[in-house]
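Take a look at the letters that make up each chain.
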Amino acid sequence: MKYRALIFAAGRGHRMRPLTDHTPKPLLLLAGKPIIVWQIEALARAGFGDLVINTAWLGKQLQHTLGCGAKWGVSLRYSPEGDGEQSALETRGGIVNALSMLGPDPFVTVSGDIFTNYDYARLAAPLAAIARNEIDGHFVLADNPIFHPLGDFAIRDGFATREGRRLNYAGITCWHPKLFHGLPIGEKSRLFPWADPVVAANRISAEHFVGVWENIGTPEHLAELESRLGVKMAHG
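To keep things clear, this report deals only with the structure shown in the data block. (Residues numbered from 1 in each chain as written. Predicted model: local features only at pLDDT ≥ 70, side-chain atom pairs only at ≥ 80, totals over all residues. Heavy atoms only, no water.)

Here we look at the pattern of salt bridges
If the charged atoms of two oppositely charged side chains come close together, the side chains can form a pair.
Working step 1: In this structure the tally under the stated criterion is 13 salt bridges.
Working step 2: Ionic pairing is found between Glu-90 and Arg-190, a salt bridge with its closest N-O pair at 3.7 Å. A residue pair is termed long-range when its members are at least 10 positions apart, and Glu-90 in helix α3 (residues 90–102) and Arg-190 in the loop between β11 (168–175) and α5 (196–200) qualify at 100 residues.
Working step 3: The class for Glu-90 is partly exposed, based on a relative accessible area of 33%. (Salt bridge = Lys/Arg side-chain N within 4 Å of Asp/Glu carboxyl O. Helix = DSSP H or I, 4+ residues; strand = E, 2+ residues; numbered from the N terminus. Buried < 20%, exposed > 50% of the residue type's maximum accessible area, 1.4 Å probe, protein only.)

Examining the nonpolar core
Working step 1: Grouped together as the largest cluster of nonpolar side chains are 37 residues, with contacts concentrated most on Ile-40, Phe-48, Leu-66 and Tyr-120.
Working step 2: Among the elements that take part in this core, helix α1 (residues 35–45) stands out by supplying five residues, more than any other. (Core = buried A, V, L, I, M, F, W, Y, C linked by side-chain atoms within 4.5 Å.)

Describing the side chain of Asp-50
Working step 1: Mapped onto the fold, Asp-50 is located in strand β4 (residues 50–55).
Working step 2: Owing to a relative accessible area of 17%, Asp-50 belongs among the buried residues under this scheme.
Working step 3: Polar side-chain contacts of Asp-50 include one of 3.5 Å to the side chain of Arg-77. (Polar contact = N/O pair within 3.5 Å; in protein donor to acceptor, adjacent residues only side chain to side chain.)

Considerations on helix α4 (residues 124–131)
Working step 1: What α4 keeps buried is the set Pro-126, Leu-127, Ala-129 and Ile-130. Along α4, the residues classed as buried sweep out an arc of 160° about the axis, all on the same side.
Working step 2: Buried residues in α4 make contact with β6 (107–111), β8 (137–142), β11 and β12 (204–209).
Working step 3: Following α4 by one or two positions, Asn-133 adopts a phi angle in the positive range, close to 65°. (Arc of directions from axis to C-beta. Contact = heavy atoms within 4.5 Å.)

Focus: the pairing of β12
Moving residue by residue along a regular strand, the side chains alternate between the two faces of the sheet.
Working step 1: Of all six residues that make up β12, five are buried, and the element is covered over most of its length.
Working step 2: When β8 meets β12, the two strands line up parallel, connected through six bridges. Residue pairing for β12: Leu-141 is matched across the bridge by His-208. (Pairing = 2+ DSSP bridges.)

Regarding unusual backbone geometry
A negative phi angle is the norm for most residues apart from glycine, just as the trans form is the norm for most peptide bonds.
Working step 1: Residue Pro-193 is bonded to the preceding Phe-192 through a cis peptide linkage, with omega at 15°.
Working step 2: With respect to the helices, strands and loops of the structure, Pro-193 is situated in the loop between β11 and α5.
Working step 3: If you check the backbone angles, Leu-58 has positive phi at about 55° while not being a glycine.
Working step 4: With respect to the helices and strands, Leu-58 occurs in the loop between β4 and α2 (59–66).
Working step 5: Backbone geometry places Glu-90, a non-glycine residue, at a positive phi of 65°.

Quick look at α1
Working step 1: Of all the eleven residues making up α1, eight are buried; the element is thus mostly covered by neighbouring parts of the structure.
Working step 2: Where α1 is concerned, the buried positions are Ile-35, Ile-36, Val-37, Trp-38, Gln-39, Ile-40, Ala-42 and Leu-43.
Working step 3: Of the residues trailing α1, Gly-47 is marked for its positive phi of about 100°.

Side note on the environment of Glu-207
Working step 1: Note that Glu-207 resides in strand β12.
Working step 2: Residue classification places Glu-207 among the buried positions, given a relative accessible area of 14%.
Working step 3: Separated by 21 residues in the primary sequence, Glu-207 and Gly-186 place their C-alpha atoms 31 Å from one another.
Working step 4: In this view, Glu-207 contacts Tyr-118, Arg-122, Leu-123, His-138, Phe-139, Val-140, Leu-141 and Ile-155; residues no more than four positions away in its chain are not counted.

This is the structure we're talking about:
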């Protein structure tokens, strides 16, 4: 798979304080390895060899810890957005800032602070469809967590929609870079509601993933997930 991926790792992680006061959230340990490394390893297994990581809060720690990516057989590059608590450019702003590093082909974005067993090789088909200009993007949706019961998007005829029974936006997407061409670099901006017209035009396909997906938001959630994983690993 020749496509590139952007891992979002720039957020301050306020709900994870005090753990994130001195450590960027994606570097917090989960079952013996940083949360973001679970993502790097999964992307590497799926054939994504060129990864970009956006950074802001304590970003130099990410670069120092992860390096060039040789340990995982990938190339890691970094898209810095500053190093202050408020310097992160949000999702759309982060994509625009890293766009020159992502190249002219469709690309994947994933959150650096989720834990999932999603197989990123499944994105080969939607990425190819984007390359053929059949669609402009693709969303992976998961079951709604307790803290977000109303969800974000539904699926109708294979496309994302705001109408119907909504599922949770899982932070795993594919995009065509043309959508971001000409947008101002360095501007703090989110994907939604900016991308809603693209969704409404039936240009974003979607899938419902029913496997393991955790948005690790608080120290208590991290500890609980750590405990669950420890038990699972101990019993094979």
